[in-house]
Amino acid sequence: MTLIVTDLSVARGGIPVLEGVSFALEPGRALILRGPNGIGKTTLLRTVAGLQPPLKGRIAGAEDQIAYAAHSDGLKPTLTVAENLTFWASVFGRSGIEQALDSFDLQSLRDRHAGALSAGQKRRLGLSRMLVTDRPVWIMDEPTVSLDANSVAMFAAAIRRHLEQGGSALIATHIDLGLEAEVLDTGPHKAKPPEIDDFDGGFL
Amino acid sequence: MIALLLRDLKLALRAGGGFGLGLAFFLIVTVMVPFSVGPQSELLSRIAPGVLWLGALLACLLSLDRLLALDWEDGSLDLLATAPLPLESIVTIKALAHWITTGLPLVLAAPVLGVLLNLPAPGFLWLVISLLLGTPALSVIGTFGAALTVGLKRGGLLMSLLVMPLYVPTLIFGSEVARRGAEDMAVQTPLLLLAGISAASIALLPFASAAVLRVNLR
Amino acid sequence: MSIWEYANPKKFLTTSEKVMPALWVSSAVLISAGLIWGFFFTPDDYRQGSTVKIIFLHVPSALMAINAWFMMLVASLVWVIRRHHVSALAARAAAPIGVVMTVIALITGAFWGQPMWGTWWAWDPRLTSFLVLFLFYLGYIALWEAIDNPDTAADLTSILCLVGSVFAVLSRYAVNFWNQGLHQGASLSLDEKENVHDAFSSPLYVCMAGFALLFLALVLYRTGTEIRARRIKALMARERLEA
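Residues numbered from 1 in each chain as written. Chains lettered and ligands numbered in written order. Predicted model: local features only at pLDDT ≥ 70, side-chain atom pairs only at ≥ 80, totals over all residues. Heavy atoms only, no water.

Chemist: Looking at this structure, I do not really get the overall build of chain B. What am I missing?
Modeler: Helix and strand counts for chain B come out as nine helices and zero strands. Counting helices and strands in the order they occur from the N terminus, chain B gives α-α-α-α-α-α-α-α-α. Relative to the 2.2 N^0.38 estimate, which gives 17 Å for 218 residues, the radius of gyration of chain B is 18 Å and therefore close to what a compact globule would have. Summarising its shape, the C-alpha atoms of chain B cover approximately 55 × 35 × 30 Å along the three principal directions. For chain B, the residues scored as buried account for 58% of the 218 residues in total. (Helix = DSSP H or I, 4+ residues; strand = E, 2+ residues; numbered from the N terminus. Rg over C-alpha atoms; globule rule 2.2 N^0.38 Å. Buried < 20%, exposed > 50% of the residue type's maximum accessible area, 1.4 Å probe, protein only.)

Chemist: I would appreciate a short explanation of the environment of P105 of chain B in the present structure.
Modeler: Residues and elements named next belong to chain B. Mapped onto the elements of the fold, P105 is located in helix α6 (residues 87-116). Among the residues examined, P105 registers a relative accessible area of 14% and is labelled buried. Once the C-alpha coordinates of P105 and F19 are considered, the two residues, 86 residues apart in sequence, prove to be 9.6 Å apart. Setting aside chain neighbours within four positions, we find P105 in contact with F19, L23, W99 and I100. (Contact = heavy atoms within 4.5 Å.)

Chemist: Can you help me understand a nonpolar patch on the surface in this one?
Modeler: Residues and elements named next belong to chain B. On the surface, L27, I28, V31, M32, F35 and L116 cluster together to form a nonpolar patch covering roughly 590 Å² of accessible area. With five residues, helix α2 (residues 21-37) is the single largest residue contributor to the nonpolar patch. Looking at the element boundaries, L27 is found in helix α2. (Patch = residues over 30% accessible without salt bridge, like charges linked within 9 Å, V, L, I, M, F, W, Y side chains within 5 Å. Areas by Shrake-Rupley, 256 points an atom, 1.4 Å probe, with all protein chains shown as cover. Salt bridge = Lys/Arg side-chain N within 4 Å of Asp/Glu carboxyl O.)

Chemist: Sorry, what's going on with the pairing of strand β1 (residues 3-12) of chain A here?
Modeler: Regular strands place their side chains on alternate faces of the sheet. All names here are of chain A. Bridge analysis of β1 against strand β2 (residues 15-25) gives seven bridges, and the strand direction is antiparallel. Counterpart to V5 in the pairing with β2 is F23. Here β1 folds back onto β2 in antiparallel fashion, the turn holding two residues, of which G13 has a positive phi close to 60°. Sheet topology places β1 next to strand β4 (residues 56-60); four bridges connect them, and they run antiparallel. Within β4, the position partnered with T6 by the bridge is R58. (Pairing = 2+ DSSP bridges.)

Chemist: Explain the interface of chain C and chain B here, please?
Modeler: Accessible area lost when the parts come together is the quantity often used to give the size of an interface. Listed by partner, the interface residues are 27 residues for chain C and 28 residues for chain B. Counting each side, the surface lost to burial between chain C and chain B is near 2,200 Å², with a carbon and sulfur contribution of 84%. It is L156, F167 and F177 of chain C that lose the most area in chain C upon contact with chain B, and together they represent 27% of the buried surface on that side. Taken together, chain C and chain B are joined by one salt bridge. Among the salt bridges present, the one from R218 of chain B reaches D155 of chain C, with a minimum N-O distance of 2.7 Å. (Buried area = accessible area lost by both parts, 1.4 Å probe.)

Chemist: Please explain the interface of chain B and chain A as it appears in this structure.
Modeler: Taken together, the contacts link 22 residues of chain B with 25 residues of chain A. Here chain B and chain A share an interface that buries about 2,000 Å² over both sides, 63% of which is from carbon and sulfur atoms. Contact with chain A buries surface across chain B, with R14, L79 and T82 of chain B losing the most and accounting together for 30% of the total. One can count four salt bridges joining chain B with chain A. Measuring nitrogen to oxygen at the nearest pair gives 2.7 Å for the salt bridge that ties D74 of chain B to K76 of chain A. Run the count over chain B and chain A and you get seven residue pairs in polar contact (both at pLDDT 80 or more). Elements supplying a minimum of two residues to the side of chain B that touches chain A: α1 (2-13), α4 (65-73) and α5 (76-81) of chain B. Grouping the constituent residues of the side of chain B that touches chain A by class yields twelve nonpolar, three polar and seven charged. (Polar contact = N/O pair within 3.5 Å; in protein donor to acceptor, adjacent residues only side chain to side chain. Nonpolar A, V, L, I, M, F, W, Y, C, P; charged D, E, K, R; others polar.)

Right under this line is the structure:
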């Protein structure tokens, strides 16, 4: 399933931030989003993930295909690592968390409460959630925050395996993951302010 | 869906989950009433149905701000919204979990507190029945209020302001059932109206809650 | 020519500025005429004396209190369906006017009730439903004030308005039921249809028309203010965008 984004404009708080974004993400490929802070990478990812409507443009091939990893991991501190993962697996109608635990070296922590994990361990748990969803398109927002070099390598390996199995990934990151990936620079897509006299129903 | 319900129940029961806080609040409020109106047992037994209903309502209200706010803060709500569950069923499950952890214990505790307030003997049955029928409406309406205010810091007070007027019909019919029951009068009309409000709220309000949540998530 | 062209903020502002002077003047003329006629040129009621004349403030304000909510409901629906910003802002603008009308109705009602019933307040169904309406208004306004993003606020408040309307009607019936239950039918209800004599009804209609025009003028005025406030916000956001 190819994810095709055509001439997408996205808005944050009612104000356009990016416009004219187009790309196609084929199975087995990864696309890295780059751009300065505040340009709207998160907004773009949330729009593609279906959390907010686009201002303009079309997104095709996203329906029920996407697993989304945000800044926060959605972990419950009073549940154990295994319980957290099992929950997300069953929400997506899957079972079997062992492979995800193995991929991110969480086996030894499986009965630890998520609240007792370090920031990096939490992040690893959050990322391992992507594996249990069994969705082909991964959309990830700064996935490597608070990961050490070792864990970043673990993460890159997981992405590579996912791509080999025919999945695809759309990642906003500043780190070089060592992937063969296209890069989309969001800088040129920064939304231009509309004409000042254009005082219409949108006010802007 | 069952996974979400089980997780919410588990979270409520674990340390810091807040299970029992609503119940304790209900107890405290009920105990404070005789201190404020005086210990005459005749007066207490007259106001007992209304006081117990109001106490249950406040206890419900108190626990609403955790209903969606916790999932909002740790990002679970974003992730749930991209999961294959429709938001309508997510808010319904959340309301159900709230009812099981808050509403149901209140229903079960009410007769005990009725003893403290000299509730007349015929009133116990109708008190329990009216709460059993009415607390689901309180949970569902409360979920709507929680969804409206989920993105706001210190939304708790605002939520009370929004939810309380919506609670008016449920409170009126619910406590009317309990009061008439205690006075050995016919309860059928308010009972049916209460059941009607509950059924309609459960059927329709999740759509409003989901719509509101979608707006708040974007 | 469609009425939706007035959903353009600019068009709305220019048109409303043209009609507003006429509205202000005619509402002022009608209200003062109605009140002077009502206060000085109608007979005293044989039972209520001159107290009855508060009806000329009480009934029109109560009418407007309900109609303001109804207008908000329609404007909210228009926003939800057609996404016209002016509509959402008109709903926002109408709410405080509705609150003031509700408060006027409640206070004049209390002044009327005191000599008539010997009490400032009774939990009569009509009084109680106005009190509940007042609470609904407060919640609605508080929600508008609490949310920064104007589109989010418009969406949330319009859904609250829709849900609230259903529950307001439910409360009205619940309150009716509840008080009958308490008073076994002995109600303090003011049955205007029976009470109002012809001598009172004509100035009352004049007052009601005046209040309606006043409400319209206030809504247009306040909506214009809201539009300008939004415009300023948009311009400031634009400046940030350019920086």
